[in-house]
Amino acid sequence: MPANTVFMEEMDAFTYRSILDRNPIVFVPVGAFEQHGPHMAMCVDAALTKQMAAAVAERVNGIVAAPIIYGYKSQQRSGGGFHLSGTTSLSAATLIGIVKEIVLNLAEDGARRIVFMNGHYENYQFVFEGVDLALHDLKLSGTDDVKIMLMSYWDFVDDETIDRLYPEGFTGWDLEHAGVMETSLMLLFYPDLVNMDKVVIEPPATMPKYDILPINPDYTPASGCLSCAAAASAEKGRILRDVATEHMVGAVLDEFE
Ligand SMILES: [Zn+2]
């Protein structure tokens, strides 16, 4: 077992219990199992969020719970769509239930400071709902000292960094699916799971301003990517990690210390 790991999955239960005794901040990464084009593995959202959570946890002496590796239905305008093979999605009710039960279990273990870190655009409101329902139940059973924070890591990349990393203009986080940010972070954390030779060179996807069901597959580019990852690099990944981590550490300490 690796000594001093922040990952709960890698700890024995006795070490975990002794760490919980000091009331650490417990980070829960929330990802998705989703196609990320021809150039990246399908694990991206969960894998990156786990690493971003670890980067923050290390700075605040926290720990990282096992990630939720499936997420809410990939939306066509932010993830290419749940119709695509290689995307295995959960319903809203299931994701809400998973989040709620994780909170109740962690609280039962003694966790009192929890951060849900989101890495899949579509998850956010359902994570919020699961957290709120869990806190409601905890309160009814007499536990009212659990505090929970929710965040999506890309919201902590500041405008100055965006200008620096996207000199040709930034299309928005929704179109970043399998684009420069995720690909750069994957090159930093998991270079073996990226093949830059397979990046499709194409303009950003043009999506309608509305959703249509059943999905019209023609709106999603054949690559499944919503913007081009050709400009991605491990160095950009390092900048994104460092900037986002710095701001997340600040926010977490503001709320919990
Ligand atoms: Zn993604």
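Check the entry above for the structure.
Residues numbered from 1 in each chain as written. Predicted model: local features only at pLDDT ≥ 70, side-chain atom pairs only at ≥ 80, totals over all residues. Heavy atoms only, no water.

Visitor: Outline the overall build of the protein chain, listing residues and values.
Guide: A count of helical and extended segments in the protein chain gives eight helices and six strands. Tracing the protein chain from N to C terminus, the helices and strands come up as α-β-α-β-β-α-β-α-β-α-β-α-α-α. The C-alpha radius of gyration computed for the protein chain amounts to 18 Å, which stays within 12% of the reference 18 Å derived for 257 residues, consistent with globular compactness. Considering only C-alpha atoms, the protein chain reaches an extent of 55 × 40 × 35 Å along its principal axes. Here the protein chain holds 257 residues, and 51% of them are scored as buried. Looking at the protein chain alone, contacts between residues at least 24 apart form 78% of all its contacts between residues at least 6 apart. When the accessible area of the protein chain is evaluated, it comes to approximately 12,100 Å², of which 52% is carbon and sulfur surface. Treating the 17 positive side-chain charges of the protein chain as one cloud and the 36 negative ones as another, the clouds have centres 3 Å apart. (Helix = DSSP H or I, 4+ residues; strand = E, 2+ residues; numbered from the N terminus. Rg over C-alpha atoms; globule rule 2.2 N^0.38 Å. Buried < 20%, exposed > 50% of the residue type's maximum accessible area, 1.4 Å probe, protein only. Contact = heavy atoms within 4.5 Å. Areas by Shrake-Rupley, 256 points an atom, 1.4 Å probe, with all protein chains shown as cover. Lys, Arg positive; Asp, Glu negative; His and termini not counted. Charge placed at Lys NZ, Arg CZ, Asp CG, Glu CD.)

Visitor: With reference to specific residues and values, describe the coordination of the zinc ion.
Guide: Of the protein atoms, only H36 (NE2), D45 (OD), E182 (OE) and E182 (OE) coordinate the zinc ion, at distances of 1.9 to 2.7 Å. Every donor counted, the four donor atoms about the zinc ion form angles of 53 to 133° at the centre, which fits irregular coordination. Ordering the donors of the zinc ion by residue number gives the pattern H-x8-D-x136-E. An identical accessibility class is assigned to H36 and D45; each is buried. (Donors = N, O, S within 2.8 Å, 3.2 Å for Na, K, Ca; no water. Tetrahedral: all angles 85-135°; square planar, octahedral: opposite > 155°, others 65-115°.)

Visitor: So what's going on with unusual backbone geometry? Residues and values would help.
Guide: Here the bond from L213 into P214 is cis, since omega is -5°, no more than 30 degrees from zero. Structurally, the position occupied by P214 is in the loop between α7 (180-189) and α8 (234-256). We note that N61 has phi near 60°; this positive angle belongs to a residue other than glycine. Non-glycine residue A178 carries a positive phi angle of around 65°. For A178, a relative accessible area of 0% corresponds to the buried category.

Visitor: Break down the sheet that holds strand β6 (residues 147-152) for me, with residues and values.
Guide: Ordered by their spatial adjacency, four strands build an open sheet running β2-β1-β5-β6, and the pairing between neighbours is parallel. The open sheet has two edge strands, β2 (63-64) and β6, and neither has a second partner. Of the pairings in the sheet, the one linking strand β1 (residues 25-30) to strand β5 (residues 113-118) comprises six bridges and is parallel in character. Each residue of the ladder has a partner; that of I25, found in β5, is R113. Its contacts with the sheet put α8 on β1, β5 and β6, and the angle it makes with β6 is roughly 160°. (Pairing = 2+ DSSP bridges. Axes fitted to C-alpha atoms, helices over the stretch in contact; angles between N-to-C directions.)

Visitor: Before we move on, could you go through the pairing of β1 and cite the residues and values that matter?
Guide: Counting buried positions along β1 gives six out of six residues, so the element sits mostly inside the fold. Residues I25, F27 and P29 of β1 are buried on one face, and the alternating residues V26, V28 and V30, pointing to the opposite face, are buried as well. Across two bridges, the pairing between β1 and β2 is parallel. Bridging from a neighbouring strand, V26 pairs with I63 of β2.

Visitor: How would you summarise α8 if you had to cite specific residues and measurements?
Guide: The terminal C-alpha atoms of α8 lie 32 Å apart, and with 23 residues this matches the ideal 33 Å at 1.5 Å per residue to within 8%. Every buried residue of α8 is listed here: K236, G237, I239, L240, V243, A244, T245, M248, V249, V252 and F256. The secondary structure elements touched by the buried residues of α8 are β1, α2 (44-60), β5, β6, α6 (159-165) and α7. (Expected span 1.5 Å × (residues − 1).)

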